[in-house]
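Descriptive structure summary
Take a look at the letters that make up each chain.
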Amino acid sequence: HRFARDYEEANRAAEAIKARPGTSQTGNADFRLARADLNVNHAIALIYTGQTDSGVDMLKTVIGDFAKSGSESPAHGEPADLFYTQRRNLVLGSAHNHLGYAYWMNWGRYRAALKEFRLALPYFFASNLEEEIANTCDNMGRVYALLGDRTQAQLLVREGLKLRRRLGR
């Protein structure tokens, strides 16, 4: 129950931030990325509080906005823009990963979930986000298990475990 309250609080906070004057501006790339980051986290909180349709729509909008701007592909950053690139990859990878999670856990759409998890991984690999890779591998492994593909499920869950052990988790 504690986590549900945390997600409900996160929803209220995100809505309050979005209601402030000036937060709807399109602004520069940094502002758009911050807004996308807020929307992904808001969508996650919506999904975890049972508002799956709204959360999924928000994730799709984030992904679509990057696609419209032609910057939806995973990127490798130059030293000058490394932070922006890594954050962008985290935001887009997380959007796909959590979209996959909603398809799997909330709607039982396993093939659609696997597609989203596969779309998330290149973003995480591009920025060497090992915890995110581990989480996505684990998610994929669990879905493959539900589909009866034991070998693929075991390989992916073991890969996630190996990464987490290397990270000391």
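Just above, that's the structure.
As the structure is a computational prediction, the values presented were derived from the model and not from experiment.

Helix and strand counts for the protein chain come out as seven helices and zero strands. N-terminal to C-terminal, the α/β element order of the protein chain is α-α-α-α-α-α-α. When the 169 residues of the protein chain are sorted by exposure, 39% land in the buried category. Split by element, the accessible area of the protein chain, about 9,600 Å² in all, is 52% carbon and sulfur.

Here the focus is the packing of helix α6 (residues 130-146) against helix α7 (residues 150-166). Two elements in contact, α6 and α7, have axes whose closest approach is 7 Å; the angle formed by their N-to-C orientations is 155°. Classified by the angle between their axes, α6 and α7 sit roughly antiparallel to one another. Every pair of crossing elements has a handedness; the one defined by α6 and α7 is left-handed. The residues of α7 that touch α6, namely those facing Glu-130, Glu-131, Ile-133, Ala-134, Asn-135, Cys-137, Asp-138, Met-140, Gly-141, Arg-142, Tyr-144 and Ala-145, are Gln-152, Ala-153, Leu-156, Val-157, Glu-159, Gly-160, Leu-163, Arg-164 and Arg-166.

Following both chains from N to C, one finds helix α2 (residues 29-48) and helix α4 (residues 82-106) inclined at 20°, their axes separated by 10 Å at the closest point. With respect to each other, α2 and α4 are oriented roughly parallel. Once α2 is placed against α4, the crossing between them reads as left-handed. Contacts between α2 and α4 pair Ala-29, Asp-30, Leu-33, Ala-34, Ala-36, Asp-37, Val-40, Ile-44, Ile-47 and Tyr-48 from the former with Tyr-84, Arg-87, Arg-88, Val-91, Ser-94, Ala-95, His-98, Tyr-101, Ala-102 and Asn-106 from the latter. Partitioned by chemical class, the residues of the contact of α2 with α4 number 13 nonpolar, three polar and four charged.

Evaluation of the coordinates by the stated rule reveals four aromatic pairs. When the centroid spacing of 5.4 Å and the interplanar angle of 45° are considered together, the rings of Tyr-48 and Tyr-101 count as tilted. Note that Tyr-48 is positioned in helix α2 and Tyr-101 in helix α4, a separation of 53 residues in sequence. Between Tyr-103 and Trp-107, the ring centres sit 5.8 Å apart and the planes meet at 35°, which makes this aromatic pair tilted. Judged by relative accessible area, Trp-107 falls into the partly exposed class, the value being 35%. Ring pairing ties together the aromatic residues Tyr-48, Tyr-101, Trp-104 and Phe-117, which thus form one cluster.

This part is about the environment of Glu-159. Topologically, Glu-159 is positioned in helix α7. Taking the C-alpha atoms as reference points, Glu-159 and Ala-134, 25 residues apart in sequence, are found 6.9 Å from one another.

On to unusual backbone geometry. Positive phi values are uncommon outside glycine, yet Asn-128 reaches one of about 55°. Along the chain, the position of Asn-128 falls in the loop between α5 (110-126) and α6.

Turning next to the environment of Phe-125. Take Phe-125: it is sitting in helix α5. What makes Phe-125 exposed here is its relative accessible area of 53%. Spatially, the C-alpha atom of Phe-125 lies 9.0 Å from that of Asn-89, the residues being 36 residues apart in sequence.

Definitions and limits used
- Residues numbered from 1 in each chain as written.
- Predicted model: local features only at pLDDT ≥ 70, side-chain atom pairs only at ≥ 80, totals over all residues.
- Heavy atoms only, no water.
- Helix = DSSP H or I, 4+ residues; strand = E, 2+ residues; numbered from the N terminus.
- Buried < 20%, exposed > 50% of the residue type's maximum accessible area, 1.4 Å probe, protein only.
- Areas by Shrake-Rupley, 256 points an atom, 1.4 Å probe, with all protein chains shown as cover.
- Axes fitted to C-alpha atoms, helices over the stretch in contact; angles between N-to-C directions.
- Parallel < 35°, antiparallel > 145°, perpendicular 65-115°, else oblique.
- Left-handed = near helix turned anticlockwise from the far one by under 90°.
- Contact = heavy atoms within 4.5 Å.
- Nonpolar A, V, L, I, M, F, W, Y, C, P; charged D, E, K, R; others polar.
- Phe/Tyr/Trp six-rings, centres within 6.5 Å; stacked < 30°, edge-to-face > 60°.

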